[in-house]
Amino acid sequence: MELTGWVKNYEWGRVGINSAVAQLAMANDPDFSLNETESYAEMWMGTHLCGVSIVKETGETLDRVLKKDLPYLFKVLSIKKALSIQVHPNKCEAERLHKERPEIYKDANHKPELAIALTPFLALVGFRPVTDIADFIDEFQPLTKLIGKEAVQQLHADPNADSLKLCYEKLMKSDDAVIAKCIQDIAKNYQKELKQSELLDVFNTINKDFQGDVGVLSIFFLNLVRLQPGQAIYLGANEIHAYLDGDCVECMACSDNVIRAGLTPKYKDVEQLIASVIFQGGAAHSKLFVPYRIDDTVQVYVPPVDDFAVINVAIKHTVDTYKLQIQAFGSILLCLGGSRTLRLNTKDGVKEITLTRGSIVYIPVEAAPEIEFASAEDCGEDFTAYIATYNYFRLA
C-alpha cells in the first residue's frame, strides 16, 4: 500500500521549500500545496491518532485498513528553531500521567526514540560529565550566583547524580526575572568565554529565539552533539534532550508523550521533569548510536526496545537487483533518493511499485521472507531508503 504522510506545521519547522518535510510532501502527494511562508516541521507515517497515514488508493486511514495500531511511529523532522528541553516518560509514568492529565499526556505509552541525521544535525543530549558542568558554573559566574555557592561547592566536593540534581533543580525552579538577568549578564560580559567553549553561536541563537528562557542556560549542563548524515542518537526513557537544528528521520514507540521544561511556549512541567530525568553525566561521543552493518548495502539501527528498529537501504546505481531479507511484521518504507522497482508478495499476489524520492509504502506481513529492489528505468542515481519495523532483530 502506498501511503500519504501527515504533515505538521509547528512553528519551529523550516519554512517553505527549505523544509525537507515540504520537499518530501510535494514529492509524495500531488495534491499537496506548498505555502512559502508556512513552517513544515514534521511528517508522520503510521497509525498514531494525532496523524494517521492515508492509503493512497482508497483514501482510508492505515489503522482502519490494518484493524490495529503499529507499535512504532515513523517521522521526518525539519528544524530551524530549537525544540523544547524535554524527556519522555517510561511506561509506568506514561500510564499514570495519561490517567491523571490526559489533556497534556495524550496516550499511555512510553516514547523511546531514535533520530538519524539527514543533514548536519545539532542537538542537546544528556548531561555533560559532572566535573565539566562544575567547571562551566565556575567559569560563568552569573550561574554560580543563580544556583548558590553551597550547591556549587557540593557539586565540586561530590560530583555525582545527587549534587547534579541539586544544582539543576535550583536552576530550573529559579524565578523568571532572576533567570533573565543571569542570561543577560552572560550575553553581555562572557562572549569571549562562550566562544572559547564553542557555545557562542548556540547561545546567541537560542537566546534570540527564546529570550530569558531557562532552557538557554541548559547548554552549560547538557552535551552539545553534532551529527553528520547517517549518524544517530537514541533517547531512552527520561533521557534529557532538545533538537536544535537540521533534518532527520525519527522513529519511536507509537506515542506523543513529552515532558517539557524549557525552550517552548507550551506547558512546562518542571516538577515532573525533575522527578523523571536521569541525572547521569557522560561524554558527548557516548551519545552516538551506532548501527550494525549487514552488508555493503544495508545497515540496521537496533535500539534496546521491542517497539521499533530502522533499516537503512543504500543501493548503488550500478547494482541491478538487491533482495532484502525481512520477517513477517508490518513495516513502512520511505524513499529519500534514487529510483527502484519494489517487488513484494501481498495477499493478492506479487506486486510492483515504483519508488522515487517521497514514496511511502506499507510493507505487509505477507511480503516476508524477502522484498526485491530491481533497477528502475533510466535511473543513474544511487537509491536510499529507510524502513521502520518492529524490532525483530532483538529476537535473533
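Structure shown above.
Residues numbered from 1 in each chain as written. Predicted model: local features only at pLDDT ≥ 70, side-chain atom pairs only at ≥ 80, totals over all residues. Heavy atoms only, no water.

A.B. asks: Any details on the sheet that holds strand 21 (residues 340–346)? Residues and values, ideally.
C.D. replies: Read across the open sheet, the 4 strands follow the order 19-24-21-22; overall the sheet is antiparallel. Unpaired on one side and paired on the other, strand 19 (321–325) and strand 22 (349–355) mark the two borders of the sheet. Direction aside, neighbouring strands of the sheet carry axes that sit 25° apart on average. By the bridge criterion, 4 bridges tie strand 21 to strand 24 (residues 370–375) in an arrangement that is antiparallel. Its bridge partner being in strand 24, Arg 340 is matched across the sheet by Ser 375. (Pairing = 2+ DSSP bridges. Helix = DSSP H or I, 4+ residues; strand = E, 2+ residues; numbered from the N terminus. Axes fitted to C-alpha atoms, helices over the stretch in contact; angles between N-to-C directions.)

A.B. asks: Tell me what's going on with a negative patch on the surface, and back it up with residues and numbers.
C.D. replies: Side chains of Asp 132, Asp 135, Asp 138 and Glu 139 sit close together on the surface and give a patch of like negative charge. Inspection of the secondary structure assignment puts Asp 132 in helix 4 (residues 130–139). Here Asp 132 falls in the partly exposed class, since its relative accessible area comes to 37%. (Patch = residues over 30% accessible without salt bridge, like charges linked within 9 Å, V, L, I, M, F, W, Y side chains within 5 Å. Areas by Shrake-Rupley, 256 points an atom, 1.4 Å probe, with all protein chains shown as cover. Salt bridge = Lys/Arg side-chain N within 4 Å of Asp/Glu carboxyl O. Lys, Arg positive; Asp, Glu negative; His and termini not counted. Charge placed at Lys NZ, Arg CZ, Asp CG, Glu CD. Buried < 20%, exposed > 50% of the residue type's maximum accessible area, 1.4 Å probe, protein only.)

A.B. asks: Which residues make up unusual backbone geometry, and what values go with them?
C.D. replies: The general pattern is negative phi for most residues beyond glycine and trans for most peptide bonds. Along the chain, Ala 368 connects to Pro 369 via a cis peptide bond; the corresponding omega equals 15°. With respect to the secondary-structure elements, Pro 369 resides in the loop between strand 23 (360–363) and strand 24. The phi dihedral of Asn 238 is positive, around 65°, even though this residue is not glycine. Among the secondary structure elements, Asn 238 is positioned in the loop between strand 12 (232–235) and strand 13 (241–253). Taking the relative accessible area as the measure of exposure, Asn 238 reaches 6% and is therefore buried. Positioned with a positive phi, Leu 263 is a non-glycine residue whose angle comes to about 55°.

A.B. asks: Hey, could you go over the environment of Ala 367 for me, with residue numbers and the actual values?
C.D. replies: Note that Ala 367 resides in the loop between strand 23 and strand 24. Between the alpha carbons of Ala 367 and Lys 351 there is a distance of 9.7 Å; along the sequence they are 16 residues apart. Discounting chain neighbours no more than four positions away, the residues touching Ala 367 are Ile 326, Leu 344 and Asn 345. (Contact = heavy atoms within 4.5 Å.)

A.B. asks: Can you lay out the pattern of salt bridges for me, pointing to particular residues and giving the numbers?
C.D. replies: Any two side chains of opposite charge can pair, on the condition that their charged atoms come close. Here the structure, examined in full by the defined rule, presents 16 salt bridges. Close ionic contact of Arg 96 with Glu 100 constitutes a salt bridge, the shortest N to O distance being 3.2 Å. In this pair, Arg 96 and Glu 100 both sit in helix 3 (residues 91–100), 4 residues apart, roughly one turn of the helix. Since its relative accessible area comes to 48%, Glu 100 is described here as partly exposed. A salt bridge links Glu 271 to Lys 173; the shortest N-O distance between them is 3.2 Å. Taken together, the residues Glu 271 in helix 11 (residues 270–276) and Lys 173 in the loop between helix 7 (161–172) and helix 8 (176–189) connect sequence positions 98 residues apart. A relative accessible area of 39% places Lys 173 in the partly exposed class. Connected through salt bridges with shared partners, the residues Arg 14, Asp 245 and Asp 247 form a single ionic network.

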